[in-house]
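The primary structure of each chain is shown beneath.
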2 protein chains.
Amino acid sequence: MGTVSKALNLLGYFNHGRLEIGLSDLTRLSGMNKATVYRLMTELQAVGFVEQVDGARSYRLGPQVLRLAALREASVPILSASRRVLRELSEETGETTHLSLLQGDQLASLSHAYAPQHATKVMMEDAEVLTFHGTASGLAVLGFADDSFVAAILDGPLEARTPQTQTDPAAIRRLIDAARRTGMAQSVGGFEAEVHSHAVPIFGPDRAVLGALAVAAPSSRMTDTQKQAIPRALRAAGLALTQRIGGVCPPDFPPMPLP
Amino acid sequence: MGTVSKALNLLGYFNHGRLEIGLSDLTRLSGMNKATVYRLMTELQAVGFVEQVDGARSYRLGPQVLRLAALREASVPILSASRRVLRELSEETGETTHLSLLQGDQLASLSHAYAPQHATKVMMEDAEVLTFHGTASGLAVLGFADDSFVAAILDGPLEARTPQTQTDPAAIRRLIDAARRTGMAQSVGGFEAEVHSHAVPIFGPDRAVLGALAVAAPSSRMTDTQKQAIPRALRAAGLALTQRIGGVCPPDFPPMPLP
DNA sequence: AACCAATGGTTCAAATAATGAACCAGATGC
DNA sequence: GCATCTGGTTCATTATTTGAACCATTGGTT
C-alpha cells in the first residue's frame, strides 16, 4: 500500500460519531506511527482535505471535499436525480426512504427523505456506512454483485448490530439468492431494532449494481396493506431511478409484475 | 511537496469543462512523469477517489468524495444553512444568488439559487472556481483576508476573463479597501460580461472570512431601485448566514446601516 | 507542589517507496 | 504501411518515508 492510500485511509476513520479526531486517536485507530500520521495529516491539511478546528487540536474534514463532491455530481448526477424519486416515494409510502451507494467495498447511505405523515419515523443520517448482511440495501446490492465480492463479504466477519441480525453465512446466502430472484430484499431489525426495511438495487449504464433504494418503516406500522404497497411503489421507484441515471438492468433482473 | 499532495493536486485539474481526464492529458497538465501520474491515479482509484469510466480509458472523480462531503456537512453545515438564505435572497431580489467558499487559496462557488421571476437570469454551476480580482465575491473575501494572502493574490498573475476585468494591482487594491470599509464589494462584468454582482463576506466562529454571499444580475436590470434594494437585502442575508453557522463578524466590520 | 500520564509536535539514521527514461502493445490517422 | 497517438509497464537510481526516542504542555491525582 502506497503513501497516498495510507493518507486517504486515514479519512475513513471519520464518521458521524467521530467528526473530529485528534492525533493520538488517529494513531491508535490506524495502528501507524504517530510521526507518520502527523506528517500525513499535515499534508492533507495543506491541500484542504482536513483542517484543524482552531489553531491547534483535533482534525476534521476540510472544505476541499465539497468542491470535489460537486464535480462528482456534475459527472454522475445520481444524488440530484435521487432527490425527487426519494421524495415521491416517501410521500407515496408514508415512510422514510434513502439511497445508498457502493463506494469500493463499502455501502454508504447518502441521501434520504422523510414522509410528513407520521409523528414517528425512522431517522437517517447521510454518510452512514451500512452493513451488507444486516440491511435490506446491503442484501439487495449483494444479490446483483460479483460472486467474488459476495464471497468476500460472507467470508469476512459478520457483526451482529442487533440481536435480530442474521450472522450465519449460509442463511445470508439464501437471503442474497432470494434478493436476486425477486429483485428485492428485506431486513427486519437487522441494523436498527424495530425497523423493517425493503430495498431494490440501482444499476449503472454498464449494468453493474451501484447501490440500493430503500424504504424503512417502524415494524409496528408494517401492516398487511403496507407489505403489499411498499414493495410495489419501491420497485417502480427503483426502475425509475435506474432509468433517470441512464442505467440498465441486468438481463436476469425480474421485470415488474403486472398490476 | 510530498507524494500525498502531488496525488491530491491531480484532482485539482478536474473542473466543469474537464470532468474526465485521460492519463496523457493529466501528465501534460501536471508536468509530472507519466509513470508517476499513472501510479498515483491507480492509487487514488483503489481508494475510490477517482474511477475509470468503463473498464479502461479516462478518469473521473469517484464516489468516495460524496461520503466525505456529507461528513464535512455534518461537521460544518454551511451549505445546508445557506440553502434557505439563498432561496429567500433570490426571491427578495428577483435575481440569481450564490455562495462561494474559500478552499485553501481558491474560491469556489458551491451553492446557488435562482429567482423564478425572470425569463433571463445569470446561470451558475456549482464547484466553479472564481477569480479573486474579477468577482464581487473574491473582492469581498479579500477585504477581510490576511494581508499576506491579499499580497500573494495581487502579486500573482491577474488574468482578464473579460475586457472589463480590472487587472491593475493598484486599482484592485483600492477595490479591496473599499470592500473592507463598506463591508460589500461589486463587480461589473469582471468575470462574465453583462453581469453585475454584489457580494458580502461570511465569517466563521474565529472571525476569519470563510467565503462570500453574492447576488448576480444582468447589467441591464441593475436599475437605481435595484442598486438600493440588492445591497440592503444582501447585507441582511450575509449577517443572517454568518449567524446561522455560529460565525462572528470581525470588530471592524461595518454594522448594518439603520433603515 | 510534586508526580504521572496524557496530549500534539519534532528529530534523524535506516529502510523503503517513489521516480523517470525507456519500452510494449494496441488504436487511430494518413 | 508508416507515424503517432494512447494507456500501461519495467527497473536501477534516488529521494522520501518511516519509527523509536525525545520535547514541551496540559490536566488530573496524590
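Residues numbered from 1 in each chain as written. Chains lettered and ligands numbered in written order. Predicted model: local features only at pLDDT ≥ 70, side-chain atom pairs only at ≥ 80, totals over all residues. Heavy atoms only, no water.

1. Focus on the overall build of chain A
The criterion, for reference: Strands here are runs of E lasting at least two residues and helices are runs of H or I lasting at least four, both read from the DSSP assignment and numbered beginning at the N terminus. In this treatment the radius of gyration is a C-alpha quantity, and the globule benchmark scales as 2.2 Å times the residue count to the 0.38 power. Each residue is placed in one exposure class: buried if its accessible area under a 1.4 Å probe, protein chains only, is under 20% of its type's maximum, exposed if it is over 50%, and partly exposed if it falls in between. Note that accessible areas follow from Shrake-Rupley with a 1.4 Å probe, and for residues the cover is restricted to the protein chains shown. For the charge count, each Lys or Arg is scored as positive and each Asp or Glu as negative, with His and the chain ends excluded. Taken as the charge centre is NZ of Lys, CZ of Arg, CG of Asp or CD of Glu, depending on the residue.
Per the secondary structure count, chain A includes nine helices and eight strands. The C-alpha radius of gyration computed for chain A amounts to 20 Å, which stays within 12% of the reference 18 Å derived for 259 residues, consistent with globular compactness. With the C-alpha coordinates of chain A rotated into their principal frame, the extents come out at 60 × 40 × 35 Å. Within chain A, buried positions represent 53% of all 259 residues. Just so you have it, chain A exposes about 11,700 Å², and 51% of that area is on carbon and sulfur atoms. In chain A, the 24 positive side-chain charges and the 25 negative ones have mean positions that sit 2 Å from each other.

2. Some words on helix α8 (residues 169-182) of chain B
All names here are of chain B. Defined as follows: One less than the number of residues in a helix, times 1.5 Å, gives the span that helix is expected to have. Regarding the arc, it is the one traced by the directions from the helix axis to the C-beta atoms. The contact rule is simple, with two residues in contact once any of their heavy atoms fall within 4.5 Å.
A rise of 1.5 Å per residue sets the reference length of α8, with its 14 residues, at 20 Å; its end C-alpha atoms lie 20 Å apart and thus fit the reference within 8%. Turning to α8, its buried residues are Ala171, Ile172, Ile176 and Ala179. One side of α8 holds all its buried residues, which, seen down the axis, span an arc of 145°. In α8, the exposed residues that point more than 90 degrees away from the buried face are Arg174 and Arg181. Contacts made by the buried residues of α8 are with α6 (136-142), α7 (147-155) and β6 (185-188).

3. Details of the side chain of B:Arg221
Within the element layout of this structure, B:Arg221 appears in the loop between β8 (209-218) and α9 (224-244). Every residue in contact with B:Arg221, bar those within four places of it in the chain, is listed here: B:Gly94, B:Glu95, B:His118, B:Thr120, B:Lys121 and B:Gln226.

4. Here's the deal with the protein's contact with DNA strand D
What counts, and what does not: It suffices for a single heavy atom of a residue to lie within 4 Å of a molecule or strand for the residue to be listed as near it. Definition of a polar contact: a pair of N or O atoms within 3.5 Å, with one able to donate and the other able to accept a hydrogen when the atoms are protein atoms, and with sequence-neighbouring residues admitted only if both atoms are side-chain atoms.
A:Asn33, A:Arg39, B:Ser24, B:Lys34 and B:Tyr38 are the nearest of the 17 residues found near DNA strand D. Across the atoms of DNA strand D situated within 4 Å of the protein, the share located in sugar and phosphate is 70%. A distance of 2.4 Å separates a phosphate oxygen of DNA strand D from a polar atom in the side chain of B:Tyr38. In the model, a phosphate oxygen of DNA strand D is placed 3.3 Å from a nitrogen or oxygen of the B:Tyr59 side chain. Sorting the residues of the surface near DNA strand D by element identifies α1 (3-11) and α3 (34-46) of chain A together with α2 (23-30) and α3 (34-46) of chain B as the ones contributing at least two each.

5. Structural notes on the pattern of salt bridges
Residue and element names in this part refer to chain B. This is how it is decided: Any Lys or Arg side-chain nitrogen located within 4 Å of an Asp or Glu carboxyl oxygen qualifies as a salt bridge.
Following the criterion strictly, the structure yields twelve salt bridges over all chains and no others. Measuring nitrogen to oxygen at the nearest pair gives 2.8 Å for the salt bridge that ties arginine 28 to aspartate 25. Note that arginine 28 and aspartate 25 are positioned in helix α2 at a spacing of three residues, about one turn of the helix. Its relative accessible area of 60% is what places arginine 28 among the exposed residues. The class of aspartate 25 is partly exposed, set by a relative accessible area of 38%. Here glutamate 51 ties to arginine 60 by a salt bridge, and the two come within 2.8 Å at their closest N and O atoms. With relative accessibility at 17%, the residue arginine 60 sits in the buried group.

6. Side note on the confidence of the model for chain A
Keep this limit in mind: The score called pLDDT rates the predictor's confidence residue by residue, from a low of 0 to a high of 100.
Of the residues in chain A, 98% reach a pLDDT of 70 or more, and the chain-wide mean stands at 92. Summarising per-element confidence for chain A, the mean pLDDT is lowest in strand β1 (residues 50-54) of chain A (84) and highest in helix α6 (residues 136-142) of chain A (98).

7. Re the packing of aromatic side chains
Residues and elements named next belong to chain B. Let me state the cut-off plainly: Each pair of aromatic rings taken from Phe, Tyr and Trp, with Trp reduced to its six-membered ring, is defined by centres within 6.5 Å and is described as stacked if the planes are under 30 degrees apart, edge-to-face if over 60, and tilted in the remaining cases.
Scanning the entire structure with this criterion turns up nine aromatic pairs over all chains. Geometrically, the ring pair formed by phenylalanine 132 and phenylalanine 149 is edge-to-face, given 5.4 Å between the ring centres and 80° between the ring planes. Separated by 17 residues along the polypeptide, phenylalanine 132 in the loop between β5 (128-130) and α6 and phenylalanine 149 in helix α7 bring together distant segments of the chain. Measuring from centroid to centroid gives 5.4 Å for phenylalanine 144 and phenylalanine 203, while their planes differ by 85°, and the two rings are edge-to-face. Of this pair, phenylalanine 144 sits in the loop between α6 and α7 while phenylalanine 203 sits in strand β7 (residues 195-203), placing them 59 residues apart in sequence.

8. As for the interface of chain A and chain B
The line we're drawing: Here's the idea: put two parts together, see how much 1.4 Å probe accessible area each one loses, and the total over both is what we call buried area. Classes in brief: Ala, Val, Leu, Ile, Met, Phe, Trp, Tyr, Cys and Pro nonpolar; Asp, Glu, Lys and Arg charged; the others, Gly included, polar.
In this complex, chain A contributes 47 residues to the contact, which on the side of chain B involves 47 residues. The largest share of the area that chain A buries against chain B comes from A:Leu66, A:Arg67 and A:Arg72, three residues that together contribute 18% of it. Summed over the shared surface of chain A and chain B, the number is two salt bridges. Of the charged contacts, one joins B:Arg72 and A:Glu51 as a salt bridge, the two residues approaching to 2.7 Å between their closest N and O atoms. The tally of links between chain A and chain B comes to 16 residue pairs in polar contact (both at pLDDT 80 or more). Elements with a minimum of two residues in the side of chain A that touches chain B: α1, α3, β2 (56-61), α4 (64-75), β3 (96-103) and β4 (106-113) of chain A. Counting residues per element, the side of chain A that touches chain B draws most heavily on α4(A), at twelve residues. By residue class, the composition of the side of chain A that touches chain B is 28 nonpolar, twelve polar and seven charged.

9. Points about helix α5 (residues 78-93) of chain B
Between its first and last C-alpha atoms α5(B) spans 22 Å; for 16 residues at 1.5 Å apiece the expected length is 22 Å, and the two agree. Every buried residue belonging to α5(B) is among B:Ile78, B:Leu79, B:Ala81, B:Ser82, B:Val85, B:Leu86, B:Leu89, B:Ser90 and B:Thr93, and all of these are buried. Those residues of α5(B) that are buried lie in contact with α4 of chain A together with α4 (64-75), β3 (96-103), β4 (106-113), β8 and α9 of chain B. Just beyond α5(B), the residue with positive phi is B:Gly94, at close to 75°.

10. Brief notes about empty space enclosed by the protein
Where empty space is left in the structure can be found by rolling a water-sized probe over the atoms. Defined as follows: Both site types are read off a 1 Å grid over the protein atoms alone. A 1.4 Å probe that fits but cannot get out defines a cavity, while an open set with protein on both sides within 12 Å along at least five of seven lines defines a pocket; lining residues have an atom within 4 Å of a point. Grid points are joined across faces, edges and corners, and a volume is the space filled by probe spheres set on the points.
Here the structure, examined in full by the defined rule, presents two cavities of 30 Å³ or more. If you go around the largest cavity, the residues you meet are B:Val200, B:Pro201, B:Phe203, B:Arg235, B:Gly238, B:Leu239, B:Thr242, B:Cys249 and B:Phe253. A total of four residues in the lining of the largest cavity trace back to one element, the largest contributor, which is α9(B). A per-class count over the lining of the largest cavity returns six nonpolar, two polar and one charged. What the second largest cavity holds in volume is close to 30 Å³. Those elements that place two or more of their residues in the lining of the second largest cavity are β7 (195-203) and α9 (224-244) of chain A. Per-element tally for the lining of the second largest cavity: the top contributor is α9(A), with three residues.

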